[in-house]
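# Structural features, examined
Listed below, chain by chain, are the residues.
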Amino acid sequence: MGQGGIFFLKRPYLVAAIFLVLLTSVLAVSVLEIGGEDALTRYQHGLPLRVGYALEAPFVMLDADGDVTGEAPEVLRHVLRTMGLERVVWLHGDFGSLIRELENGRIDIIAAGMFVTAERRERVLFSRPTAFIRPGLLVRRGNPLHLLSLADFSSQPGARLAVIDGSIEQQQASSVGVSERRIKPFPDEVSAVAAIRAGQADGLLLSAVSLRYLIDRDDAAAFDLVVAQAEQAPGAPAFAFRRQDSRLHEQVDQALASFIGSAKHLQLVEKFGFVASDLPRATEESQR
């Protein structure tokens, strides 16, 4: 049999291969088109909303079954249900990587007790705040170095400040002149508290509500909680969205407007250590 006959026998396979390549290309383009659309459109195509979180009790934690809970997830779940958005997947990451993951399109919403700042506003859209949080300072029992403020970490020889990497507290410490060699970043509060217990750090700057929750469930006898002296306004945790997801941002924000500061809101979050004074009042809800 000559080469012409061989070519004739292979032509059906060649046609099938070309068809498969074309079909794959069409599907790839379709996927890319869906991926380029906003989160609500992708949800309408059957894809879930992807929520990124980092562990910091009581804003975010895992329950006994390993499910994500805490102030931020429970408030977001409540709001999404009122919007009819039930398909959600929760994706864990280090706090410092969440905005990058959002910008890269790997997640659609950040629910991590992330404070609103001018710098972060340049990169993401924030919802209205879900709380107003004062800073706290966790020290070893008896506060042996008499640490009462961030300034003390500059004036006290050798004092080392633990912070969560990428947190607003890390930025605050740098902004008031605490030397970088005195600041010890950790991926989460568990490792930071372990460092204080082991004598590798002398204080942990974090939200007072987080520290209250933490020591109530840890070895409370080993630590003291100091209400840190700070000139900054209370932190305002909120949900973060990509800039191209303005529709999702606006709809979540509208749903939050009738919920934040309500009796139902307080009932939902008080089990995480939040009290009425931690929640925005009706007149503060529009301050974003």
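Reading guide: rules and limits
- All residue numbers here refer to positions counted from 1 along the written sequence of the relevant chain.
- Thresholds applied to this predicted model are a pLDDT of at least 70 for local features of residues and 80 or more for the giving and counting of side-chain atom pairs; totals over whole chains, interfaces and linings are not thresholded and use all residues.
- As a rule here, side-chain values come from all non-hydrogen atoms in the structure, and water together with hydrogens is ignored.
- Only when DSSP finds a minimum of two bridges between them are two strands counted as paired.
- Each helix is a run of DSSP H or I of at least 4 residues and each strand a run of E of at least 2, with the numbering of both proceeding from the N terminus.
- Note on geometry: axes are C-alpha line fits, over the in-contact stretch for helices, and angles between N-to-C directions span 0 to 180 degrees.
- By the criterion applied in these results, polar contacts are pairs of N or O atoms within 3.5 Å in which, for protein atoms, one can donate a hydrogen and the other can accept it, and in which residues neighboring in sequence qualify only through two side-chain atoms.
- Here a residue-residue contact requires only that any non-hydrogen atoms of the pair lie within 4.5 Å.
- Throughout this description, buried means an accessible area under 20% of the type-specific maximum (1.4 Å probe, protein chains only), exposed means over 50%, and partly exposed covers the range between.
- By definition, a salt bridge exists where a carboxyl oxygen of Asp or Glu is found within 4 Å of a side-chain nitrogen of Lys or Arg.

The name an unreviewed UniProt entry assigns to the protein is ABC transporter substrate-binding protein, from the organism Pseudomonas hunanensis.

Looking now at the sheet that holds strand β11 (residues 223–226). Strand order in this open sheet of five strands is β9-β8-β10-β7-β11, and the pairing throughout is mixed. The sheet is open, and its two edges are formed by β9 (183–186) and β11, each paired on a single side. Sheet twist, expressed as the average angle between the axes of neighbouring strands with direction ignored, equals 30°. Pairing between strand β8 (residues 161–164) and β9: four bridges, direction parallel. Of the residues in β9, the one forming a bridge with L161 is I183.

A few words now on the side chain of S207. Topologically, S207 is positioned in strand β10 (residues 203–207). Here S210 takes part through its side chain, which lies 2.6 Å from a polar atom of the side chain of S207. When sequence neighbours within four positions are dropped, the list of residues in contact with S207 reads E56, F59, F115, I133, R134, P135, G136 and E169.

With an omega of 5°, the peptide bond between A57 and P58 qualifies as cis. For P58, the position within the fold is in the loop between β1 (49–53) and β2 (61–62). One non-glycine residue, H146, lies in the positive phi region at around 55°. Mapped onto the elements of the fold, H146 is located in the loop between β7 (135–140) and α6 (152–155). The class for H146 is exposed, based on a relative accessible area of 57%.

Before going further, it helps to spend a moment on the pattern of salt bridges. With the rule as written, the count across this model stands at 13 salt bridges. A salt bridge links D253 to R128, with the shortest nitrogen-to-oxygen separation between them at 3.1 Å. Pair noted here: D253 is in helix α10 (residues 246–257) and R128 is in the loop between β6 (125–126) and β7, with a separation of 125 residues, a long-range link. R128 matches D253 in its accessibility class, with the two residues each being buried. Residues participating in the shared-partner salt-bridge network are R42, R50, D108, R242 and D245.

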